Structure formats: C-alpha cells, structure tokens
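# Observations on the model geometry
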Amino acid sequence: MLGMDLSLSSPAFCVATVKKGKIQVLHLSHVNTNNKKGFGYRLNEIHKHLMDILEQYPVAVAIKEKGFSRHIATTAKLRGVDGVAALAIYQMLDVEEMPEIAPLTIKKICTGDGKADKEAVFQGVQKFLYRPIEFTKTKSKYDESDALGVCIAYATQKKLLV
C-alpha cells in the first residue's frame, strides 16, 4: 500500500505491507519542493518523485490523507497536488479513484486522540511498526509520520493489524 500526505511544500509517501499484524515500511520519503520556483515546476517535482516510487515498488492500493484548508488559494494548490498524484496513480496502477482518510480518523487510530498534534502522531505511529524505522531528522519527519499514519489507518480499517 502507498500512504500519501499531500502538500505543495513537503508531500510525503510511505510504501508499506502488513507483516505479522504490524506495519512493515518498505519506503518512506518526502519531497521538499523549491518554493522559489513556479507552481508547475513544483508539481513536476512531486509527480517525478511519485512516479519513481511507483516504478520501484509493487503497490496495490494508494491512499491519501484528506486535504483541507480554510484559504481558497491554498485549497486550489492542494487540488493541483491531488491532480498530479491522481495522474501518477492512474498512469501506473490504472486506478481512477483513491481512498481518502480524514486527518481526525488517522490521529484517532494512531494516538487515541482525534485532536492529537504532530508530535503525538509521530510518537504514536511507532507502536504499529514491525521493525523500528529511521525518519528524516528535519521537521519533515512529521509529514513522513503522517504518510505512515495513512497506511496504519487504512490497514486498521481493513482489519489487517493486530
């Protein structure tokens, strides 16, 4: 499965399977897009990174965290990121629609608290792992843990975890 935390500045991706009722991470990454470049350039960076992942790992399902923003301009940019992700998924997996999981649901599953902050999610996802993994040392670790949380929430909803 491929879990995605989509944003324009630092989208994150987690490829995982379930092993012995726990999440086994095969790939975890993020893209820090260049904010000095234009919107199209940044979308291309995200598309290329996602295509590389999909070419390297066998993915049966792609799931994304449901995006939200209170600002119209930000929402429009998020829709662009959603668009390039949907295009890559369609090109590589021939899947027309991706399941979405609300942030509140992911937080509730990973921490027990639907209003948990990013640090709590970062700590919470680790108890679901088959083996410990290393996250980036930057603040993008929260994006990566969110992408992992998407996988955990999906696997939990499908009753794959113990």
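Up top you'll find the structure we're talking about.
I will try to describe carefully the structure that is included in this document. (Residues numbered from 1 in each chain as written. Predicted model: local features only at pLDDT ≥ 70, side-chain atom pairs only at ≥ 80, totals over all residues. Heavy atoms only, no water.)

### Regarding the state of the cysteines
Structurally, a disulfide amounts to a covalent bond that connects the sulfur atoms of two cysteines. In this structure the tally under the stated criterion is 0 disulfides. Free of any disulfide, C110 has its nearest cysteine sulfur in C151, 9.9 Å distant. C14 provides the cysteine sulfur closest to C151, a residue in no disulfide bond, and the two sulfurs are 4.0 Å apart. What makes C151 buried here is its relative accessible area of 0%. (Disulfide = S-S within 2.5 Å. Buried < 20%, exposed > 50% of the residue type's maximum accessible area, 1.4 Å probe, protein only.)

### With respect to the packing of aromatic side chains
For any two aromatic rings, the description comes down to two numbers: the centre-to-centre distance and the angle of the planes. Going through the model one piece at a time under the given rule, you end up with 2 aromatic pairs. Arranged with centres 6.0 Å apart and planes meeting at 80°, the rings of F122 and Y142 form a pair that is edge-to-face. Here the residue F122 occupies a position in helix α4 (residues 118–125), and Y142 occupies one in helix α5 (residues 141–157), the gap between them amounting to 20 residues. Each member of the aromatic cluster is reached from another via a ring pair, and the members are F122, F135 and Y142. (Phe/Tyr/Trp six-rings, centres within 6.5 Å; stacked < 30°, edge-to-face > 60°. Helix = DSSP H or I, 4+ residues; strand = E, 2+ residues; numbered from the N terminus.)

### Details of α5
An α-helix turns once per 3.6 residues; consequently, residues spaced three or four apart project the same way. Taking 1.5 Å per residue as the helical rise, α5 with its 17 residues ought to reach 24 Å, and the 24 Å between its terminal C-alpha atoms agrees with that figure. The buried fraction of α5 is high, at 13 of 17 residues. Just past α5, the residue K159 takes up positive phi, approximately 60°. (Expected span 1.5 Å × (residues − 1).)

### Considerations on the nonpolar core
Membership of the largest hydrophobic core comes to 26 residues, with the highest contact counts inside it found for M1, C14, I23, V125, L148 and I152. Setting aside chain neighbours within four positions, we find M1 in contact with C14, V15, A16, V18, I23, V59, V61, I63, C151, Y154 and A155. Grouped together as the second largest cluster of nonpolar side chains are 22 residues, L2, M4, V59 and M98 included. (Core = buried A, V, L, I, M, F, W, Y, C linked by side-chain atoms within 4.5 Å. Contact = heavy atoms within 4.5 Å.)

### A look at the pairing of strand β3 (residues 22–30)
Across 8 bridges, the pairing between strand β2 (residues 12–19) and β3 is antiparallel. Opposite A16, over in β3, you have V25 as the bridge partner. (Pairing = 2+ DSSP bridges.)

### Let's talk about the packing of α4 against α5
At a minimum axis distance of 9 Å, the contact between α4 and α5 shows a crossing angle of 55°. As summarised for this structure, α4 and α5 are arranged oblique, according to the angle between their axes. Crossing hand, α4 versus α5: left-handed. From α4, K118, E119, V121, F122 and V125 reach across to α5, where they touch K141, Y142, D143, S145, D146, L148, G149 and I152. A class-by-class count of the residues in the contact of α4 with α5 yields 6 nonpolar, 2 polar and 5 charged. (Axes fitted to C-alpha atoms, helices over the stretch in contact; angles between N-to-C directions. Parallel < 35°, antiparallel > 145°, perpendicular 65-115°, else oblique. Left-handed = near helix turned anticlockwise from the far one by under 90°. Nonpolar A, V, L, I, M, F, W, Y, C, P; charged D, E, K, R; others polar.)

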